[in-house]
Structures are given as structure tokens and as C-alpha cells.
Amino acid sequence: MGPERGAGAGGVNTVYEVFRQERKGQAFQHAGSVVAPDPAFADVYAREQYGRRGESTALWIVPRDAVVEVADFPDELGRNYHRVDGYSLKGKLKEARERAGTA
Amino acid sequence: MSAREQEVPRNEQEFLHYVQEGGQVEASDWMPDEYRARLIKFIEMHGNSELMGVLPEREWILRAPTLQRKLALTAKVQDEVGHAQLIYRVVEDLGKSRDDCLADLISGKSKFHNVFHYPTKTWGDVGVIAWLVDAAAIISQKALLKCSYAPYARIMKKICWEESFHILHGRDVILTMMNGTEEQRELVQEALDRWWGPLMQFHGNPIAPEQDPTLTWRIKSQPNDDARQQFLDGYVPQIRELGLTVPDPELRKDEETGRWHYTEPDWDELKTVVTGHGPMTEERLGFRRVSREETEWVRSAVLAQAA
Amino acid sequence: MPERRDLDRLLEVADDELILGWRDSEWTGIAPFLEEDVAFSSIAQNEIGHARALYELVARELGTTADELALDRRPDEYRCAPLVELRRLEWARTIARHWLYETADEIRIAALKGSDDPEVAGLAAKIDREEAYHRMHAEMWVDRLLATPEGREKLREAVEELWPYALGVLDDELRPRWVERVRARLGFDLPDVEPVTREQHTEELRELWEEMTMVRRSAPAGASW
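Each chain carries its own residue numbering, running from 1 in the written order of its sequence. Think of it this way: whatever chain is written first is A, whatever ligand is written first is 1, and the rest follow in order. Where totals are concerned, whole chains, interfaces and linings use all residues; where local detail is concerned, this predicted model gives features only for residues with pLDDT of at least 70, and gives and counts side-chain atom pairs only at 80 or more.

Draft legend 1. Main features of the overall build of chain A. Helix and strand content of chain A: 2 helices and 3 strands. Numbering of helices and strands starts at the N terminus; helices are DSSP runs of H or I of at least 4 residues and strands are runs of E of at least 2. In chain A, the order of α-helices and β-strands from amino to carboxyl end is β-β-α-β-α. Across the 103 residues in chain A, those meeting the buried criterion constitute 25%. A residue pair is marked as a contact if its C-beta atoms, positioned from the backbone, fall within 7 Å. Of the contacts formed within chain A by residues at least 6 apart in sequence, a portion of 48% connects residues at least 24 apart. Every C-beta atom is placed from the backbone, and the number of other C-beta atoms within 10 Å of a residue's own sets its class: buried at 20 or more, exposed at 12 or fewer, partly exposed in between.

Draft legend 2. Main features of the overall build of chain B. From N to C terminus, chain B includes 12 helices and 2 strands. Element order for chain B, N to C, with α for helix and β for strand: α-α-α-α-α-α-α-α-α-β-β-α-α-α. Its C-alpha radius of gyration of 21 Å places chain B within 12% of the 19 Å reference for a compact globule of 307 residues. Referenced to the eigenvectors of the C-alpha coordinate spread, the extents of chain B come out at roughly 70 × 60 × 35 Å. Taking the contacts inside chain B whose residues are at least 6 apart along the sequence as the reference set, 73% of them involve residues at least 24 apart. Radius of gyration here uses only the C-alpha atoms, and the compact-globule reference equals 2.2 Å multiplied by the residue count raised to the power 0.38.

Draft legend 3. View of the interface of chain C and chain B. Contacts between chain C and chain B engage 37 residues on the former and 37 residues on the latter. Mapped by element, the contributors of at least two residues to the side of chain C that touches chain B are helix 1 (4–25), helix 2 (34–62), helix 3 (66–71), helix 6 (118–146), helix 7 (149–166) and helix 9 (203–217) of chain C. In terms of residues, the side of chain C that touches chain B owes the most to one element, helix 2 of chain C, which gives 11 residues. Of the residues assigned to the side of chain C that touches chain B, the class counts are 19 nonpolar, 10 polar and 8 charged. Note on residue categories: nonpolar means Ala, Val, Leu, Ile, Met, Phe, Trp, Tyr, Cys or Pro, charged means Asp, Glu, Lys or Arg, and polar means any other residue, Gly included.

Draft legend 4. Focus on the nonpolar core. As used here, a nonpolar core is made of buried Ala, Val, Leu, Ile, Met, Phe, Trp, Tyr and Cys residues. They are joined through C-beta atoms within 7 Å. With 151 residues, the main nonpolar core has Ala136(B), Ile95(C), Ala96(C), Leu162(C) and Ala166(C) as its most contacted residues. When residues in this core are grouped by element, the largest group, 13 residues, is from helix 3 (residues 67–94) of chain B. Those residues in contact with Ala166(C), other than ones at most four positions away along the chain, are Leu83(C), Leu100(C) and Ala104(C).

Draft legend 5. Expanded view of the interface of chain A and chain C. At the junction of the two partners, chain A supplies 9 residues and chain C supplies 6 residues. Of all the elements in the fold, those that place two or more residues in the side of chain A that touches chain C are strand 2 (29–36) and helix 1 (39–51) of chain A. For the side of chain A that touches chain C, the element with the most residues is helix 1 of chain A, which contributes 6 residues. Classifying every residue of the side of chain A that touches chain C gives 6 nonpolar, 1 polar and 2 charged.

Draft legend 6. Representation of unusual backbone geometry in the model. Positive phi is not limited to glycine here, since Arg218(B) has a value of about 55°. One can find Arg218(B) in the loop between helix 8 (213–216) and helix 9 (224–240).

Draft legend 7. Representation of the pairing of strand 2 of chain A. All names here are of chain A. Taking burial as the measure, the 8 residues of strand 2 include 6 buried ones, the bulk of the element. In this structure, strand 1 (residues 14–21) lies alongside strand 2, joined through 7 bridges in antiparallel fashion. When the sheet's bridge partners are listed, Phe-19 is paired in strand 2 with His-30. Any two strands with at least two DSSP bridges between them are considered paired.

Draft legend 8. Looking closely at the sheet that holds strand 2 of chain A. Residues and elements named next belong to chain A. With antiparallel pairing, 3 strands are arranged side by side in an open sheet as 2-1-3. Both outer strands of the open sheet, strand 2 and strand 3 (58–63), are each paired with one neighbouring strand and no more. In this sheet, adjacent strand axes meet at a mean angle of 30° when their direction is disregarded. Here, axes are lines fitted to C-alpha atoms. For helices the fit covers the stretch in contact, and angles between N-to-C directions go from 0 to 180 degrees. The sheet strands contacting helix 1 are strand 1, strand 2 and strand 3, and the helix crosses strand 2 at an angle near 130°.

Draft legend 9. Looking closely at helix 5 (residues 123–143) of chain B. Residues and elements named next belong to chain B. Helices are assigned an expected span. That span is 1.5 Å times one less than the residue count. With 21 residues, helix 5 extends 30 Å between its outermost C-alpha atoms, agreeing within 8% with the 30 Å of an ideal straight helix rising 1.5 Å per residue. What is called the bend at a residue is the angle between a pair of axes, fitted to the seven residues leading up to and ending at it and to the seven starting from it. At Ile-129, helix 5 shows its strongest bend, of approximately 35°. When you tally the buried positions in helix 5, you get 17 out of 21 residues, the bulk of the element.

Draft legend 10. Summary view of the packing of helix 6 (residues 150–178) of chain B against helix 7 (residues 182–202) of chain B. Residues and elements named next belong to chain B. At their nearest, the axes of helix 6 and helix 7 sit 7 Å apart, and the two run at 135° to each other. Judged by the inter-axis angle, helix 6 sits oblique to helix 7. The residues of helix 7 that touch helix 6, namely those facing Ile-174, Met-177 and Met-178, are Gln-184, Arg-185, Leu-187 and Val-188. When the residues that make up the contact of helix 6 with helix 7 are grouped by side-chain class, the tally is 5 nonpolar, 1 polar and 1 charged. Throughout, the term roughly parallel applies to angles under 35 degrees, roughly antiparallel to angles over 145, roughly perpendicular to angles from 65 to 115, and oblique to all others.

Draft legend 11. How the structure looks around helix 3 of chain B. Residues and elements named next belong to chain B. With 28 residues, helix 3 should reach 40 Å at 1.5 Å per residue; the first-to-last C-alpha distance of 41 Å fits that figure. Taking burial as the measure, the 28 residues of helix 3 include 26 buried ones, the bulk of the element. Positioned one or two residues after helix 3, Gly-95 has a phi angle of 125°, which is positive.

Draft legend 12. Highlighting the confidence of the model for chain B. All names here are of chain B. Each residue carries a pLDDT score, the predictor's own confidence in it, on a scale running from 0 to 100. For chain B, per-residue confidence averages 92 on the pLDDT scale, and 97% of positions sit at 70 or higher. Taken together, the stretch residues 1–5 has pLDDT below 50 and engages in 8 contacts with residues farther than four places along the chain or on a different chain. Prediction confidence for the complex, expressed as pTM and ipTM, is 0.89 and 0.93 respectively.

Draft legend 13. View of the environment of Leu16(B). Within the secondary structure, Leu16(B) sits in helix 1 (residues 12–20). Note: C-alpha distance between Leu16(B) and Gly286(B) (270 residues apart in sequence) is 40 Å.

Draft legend 14. Highlighting the environment of Leu145(C). When you line up the elements, Leu145(C) lands in helix 6. You can call Leu145(C) buried: it has 24 C-beta atoms within 10 Å. For the pair formed by Leu145(C) and Leu155(C), sequence separation is 10 residues and the distance between their alpha carbons is 6.7 Å. Apart from residues no more than four positions distant in its own chain, Leu145(C) is found in contact with Ala301(B), Ala92(C), Ile95(C), Gly151(C), Arg152(C), Lys154(C) and Leu155(C).

Following this line, the structure appears as C-alpha cells:
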């Protein structure tokens with residue numbers, strides 16, 4: 001997400017982030033932002049910028065300061081017990097098949 | 001923004017290395033002052049160009065000789081304004097407000113591309129601009145898809161997608177005229193004769209890659225000369241196959257090296273024009289200045305009681 | 001098969017939309033803010049698109065083409081209302097005209113939706129759906145301007161100036177209910193004046209026509225563009 005600054009003259013324009021859904025059933029993806037004095041204008045402007053070619057089936061318009069960015073995910077001790085790459089079964093499988101005579 | 005473990009290095013040398021290796025930068029990342037300043041200047045010029053590009057074309061909306069052309073031209077010009085909006089938004093998030101950008105544009109402090117300083121004289125110009133000027137622009141824009149600054153690279157995707165119809169529209173206009181009357185064909189050739197010079201200057205004078213800071217910081221990823229060669233490769237055959245003549249007797253492709261030879265473009269003309277002395281520069285900037293002044297009350301009225 | 005009377009009514013709407021489409025796109029590149037530039041341009045494209053669809057319908061009946069109807073008539077053959085002919089590159093007048101026209105047009109399109117001719121009714125319904133956006137946009141702007149003393153005064157001045165022309169968009173049958181609506185919404189003191197009717201074309205139309213048709217007239221009839 002961009003910085004809070006950068007509003008228009010007078011500083012009472014709001015930046016609205018726009019998320020668009022290209023086809024029904026797909027995820028809404030961040031498409032960009034528009035600047036508007038209120039939600040009514042933001043609606044009109046987002047439609048124009050992200051929908052005038054029929055390229056979106058739906059939009060979500062959100063004031064920038066309503067968006068909370070989360071970007072730190074500390075993983076200091078390397079946890080793989082809850083991921084697929086934490087499980088290598090090749091060796092044990094080989095041993096088990098040999099014991100059962102099915103190798 | 002919350003503090004986080006930075007992928008993006010926080011010193012200039014490592015940052016430079018990071019972007020040169022293909023690293024991407026977001027608006028909220030740390031960046032060297034020089035990188036930020038160059039980005040702003042480069043991207044602002046692009047925004048200015050989209051906006052000024054509207055003025056040569058808009059008068060032809062009224063004069064369009066069919067309803068379909070009227071609609072297509074209105075949509076094309078609308079795209080250009082939309083692109084300006086997207087681009088200035090990116091500049092705003094880098095720290096320069098749109099108002100400041102527009103003020104600098106109008107005062108002549110900042111620049112816009114050469115082609116938008118020239119007059120449009122006939123319907124032939126409309127076709128040539130949409131076909132060839134937009135083609136030259138798209139070559140640069142496609143190269144910018146790899147810009148190290150991610151918000152700009154992302155809007156380039158949308159811009160390229162929207163401009164794809166511009167070139168088709170332009171080519172359709174030209175083809176229809178070339179298949180029409182003798183006068184219509186002459187109109188196209190005459191327009192091409194006038195626009196060829198500015199087109200050859202469009203991608204800028206040759207700069208050695210090591211000496212081009214926009215390449216160093218991976219803002220641009222294509223040297224000027226390469227862009228020009230790409231344009232000639234793509235479009236000279238398209239021009240010639242219609243029976244049109246490119247007004248440069250030196251223009252030929254060296255079959256061995258694959259590179260085009262041509263009369264060296266007039267780099268002085270480019271410099272003069274881009275520093276605000278093109279044939280239409282004053283008039284167009286003046287037009288924008290007046291309309292901006294006359295609509296100042298509207299901006300105040302709208303903002304005055306925003307929530 | 002639409003009656004002759006219906007075709008005239010359709011040409012009125014088509015000509016209004018064609019000319020207003022140009023007036024709206026006069027703001028391209030110079031609107032008060034870029035977002036409005038893009039919005040008005042969409043409105044202009046809708047209008048020209050509506051004009052085209054209407055011309056196509058009429059053209060089929062008359063054995064001609066939409067382009068010929070749109071661009072090959074003499075100025076005095078156009079059936080547009082003087083309101084759309086006026087060149088008013090000033091924002092308050094633009095918004096005033098936009099709102100006055102859209103509200104009048106809504107009533108007119110509603111009448112066409114009730115046409116016995118399914119083609120006319122169907123096209124009117126499509127136009128109506130697209131124009132919902134125009135009305136929303138116009139209402140939004142009227143709200144904005146009415147909300148500040150300066151905006152309100154400029155809007156009032158603009159509406160007053162355009163009032164006789166605006167009265168000329170609808171005929172005697174449909175006009176009264178529109179006047180009611182305008183008075184209720186805006187609250188301005190609007191005088192009882194004679195409408196400037198469709199037959200009273202302005203000098204501005206002729207100038208506009210000259211420029212609008214100059215490229216087309218530069219080639220023989222039937223040339224492709």
C-alpha cells in the first residue's frame with residue numbers, strides 16, 4: 001500500500017484503493033487507486049477507470065486508511081512440521097517395503 | 001506502515017545491486033533519494049505526455065467522418081486521460097502531488113514528449129498518429145513492464161492492454177483511406193511526410209547504456225536506439241506494403257547486422273521542441289492554463305464540503 | 001412498422017444525443033479534474049452510441065444509412081433542440097445543461113419505452129438503462145454545487161440562463177411534469193417564459209455543422225472513411 005500522503009490540493013481528497021474481480025468466482029485483486037472527495041464520487045471514478053471496457057464484473061472500493069498492511073512473518077526457528085516439505089518418506093517407505101517383501 | 005523485515009536493502013549500493021538483479025520496489029519501501037527523484041521525473045513526463053496527447057486529437061472527434069470513427073476516437077482520447085490519471089497517482093504516492101505536476105506542466109517547468117508539440121492538420125494525421133505514434137509509444141511501454149518500481153510496472157500492464165485497440169483503430173483508418181480515392185491516399189502520404197521526423201526522434205537520442213541513469217536504476221530497461229530499431233523493424237514493412245514512401249532516402253536495413261540505417265534525426269530539433277519551443281507548445285499549454293484557472297472554483301466547491 | 005410521427009421523434013432524440021455528445025466531449029483534456037474528464041467522455045460515448053442506434057433504426061425505414069443521416073443533412077434539416085447546440089464551455093452551465101437535459105430525456109425515453117413498436121420500445125429500454133449512470137452523475141454534481149453558497153449561486157445563474165432553451169427539449173404534452181420536477185428539486189425561482197423550440201436553430205449549430213462535416217464533405221458522397 002502507498003503512503004498516506006499525496007492527497008490533492010486542500011488535502012481533503014481521499015485515496016480509495018480499488019480491487020477488481022475479472023470474472024464471477026475469481027478473487028478480487030488490487031487494481032490501483034483513485035482519488036475522490038467522497039464515496040459517491042469514488043464509485044463513479046472507479047467504474048470509469050476499472051470498468052469502462054467491461055473488463056471487470058465487480059469492484060471493491062476501500063478508503064486507503066481502512067486497509068491494514070501486514071508484512072512481517074518471523075520464522076526464526078524454521079518450522080516445517082506443518083508443511084509438506086517437512087515430510088520425507090522415501091527412506092522409511094523403502095525399508096518398510098523390503099521388510100514386507102513387497103519391494 | 002508497520003516496521004518489517006526488509007527485503008529491500010536500505011543503503012544505496014545494495015539497493016542498486018538489488019534492482020539491477022531484478023528486485024522490485026513498492027511505494028512503502030525505502031529508496032535512495034536519487035532513485036525517487038529520477039522516478040518522479042520520468043513518470044511525471046509520461047503522465048504529462050498522455051495528457052498533452054489529448055489536445056492534438058480532440059478536435060477531430062467533432063470532425064470524424066463516420067459515427068464509428070467518432071466513437072473510436074472519443075474512446076482513444078479517453079484512455080489517454082485515464083492513463084494520465086493512473087500515472088499521476090503513481091507519482092503522488094512517490095511524494096509529488098498531482099496539483100504540483102499540473103502546475104509544473106503548465107508553467108513549462110516539466111516536459112512532455114516531442115510528438116505532442118506538433119499540429120494535426122488533416123484526417124490523415126489522425127490515422128498516422130493512432131497507428132505509428134501509438135506504436136512507437138507501445139514499444140517503450142512494453143519495455144517499462146520490467147520497471148523496478150512495481151506500482152509503475154503494474155499500471156503499464158493496464159495501459160498496454162488499453163492501447164492495443166488504438167493501433168488497430170489507426171491502422172484501420174489508414175487502410176480505409178489507402179483503399180479509397182487518390183486524394184485520400186495523398187492525404188496519408190502527406191501526413192507521413194510530416195510525422196516521420198518527429199517519429200524518428202521519439203525514442204530519444206542515442207545514449208550509451210552505461211551513461212543512462214534510467215537504465216542503471218532499471219527504470220527503463222531498453223536503450224533508446226534499441227527501441228527505435230524495434231519500431232523500424234515492426235513498422236517500415238507495414239508502411240511500405242501499402243505503397244507508401246518513407247521520406248528518408250537513406251533508410252535501409254543492413255541484412256547482415258539486422259540493423260536499420262537512416263538519416264540521423266535532428267537532435268537539435270528534438271531538444272528545442274522538448275524544452276518547450278515546439279510549434280504548438282505555447283498554444284496548448286496556454287489552453288490548459290486558461291481552463292485550469294477557469295475551473296479553480298469547481299475544485300474548491302467540491303473539496304469544501306468533502307467528508 | 002413505426003409511424004412517420006415516431007421516426008421524427010426518434011430523429012429528435014438522435015440529433016440531440018449526437019450534438020450533446022460533442023458538447024460533452026469538448027471537456028476532454030480540460031475538465032476540472034482528470035476523473036471528470038474520463039467520466040464525461042464515457043457519457044459522450046454513450047450519447048453518440050445512442051444516436052447511432054437510433055439513426056440505424058430510422059435509416060432502415062428510410063432506405064439510407066446511419067452515417068448519412070448523422071452527417072449528410074443540411075443544418076436546417078437537423079431536429080435537435082437549441083439547448084444542445086449552445087457552446088458553453090463553463091462548468092456550471094455544463095452541469096446545469098447536463099441535469100436539465102437528462103431529467104427531460106428520462107421522461108421522453110419513458111414515453112418511448114411504451115411504444116407499440118417493439119423495436120423502438122426495446123431500444124428505448126436499453127438507452128434508459130445506460131442513462132441511469134448519466135442521471136446519477138448529474139444528481140451527484142447538482143448536490144455538490146447546491147451545497148456551497150458559491151456553487152449554488154453559479155448553478156442558479158446557469159439554470160436561469162439556460163431555462164428558455166431547456167423548456168424546448170420536451171413538447172407541450174410532456175413538458176409540464178418536467179417543469180414540476182425541476183422546480184421541486186432545485187428550488188430556484190424559474191420564470192414562465194416561452195420555450196426556444198426545435199425549429200429555432202441557433203447560429204452555433206451552423207458553425208458546428210461546418211466543422212462536423214468538413215472531412216466528410218472533402219470526399220465524394222459514398223467515400224469510405
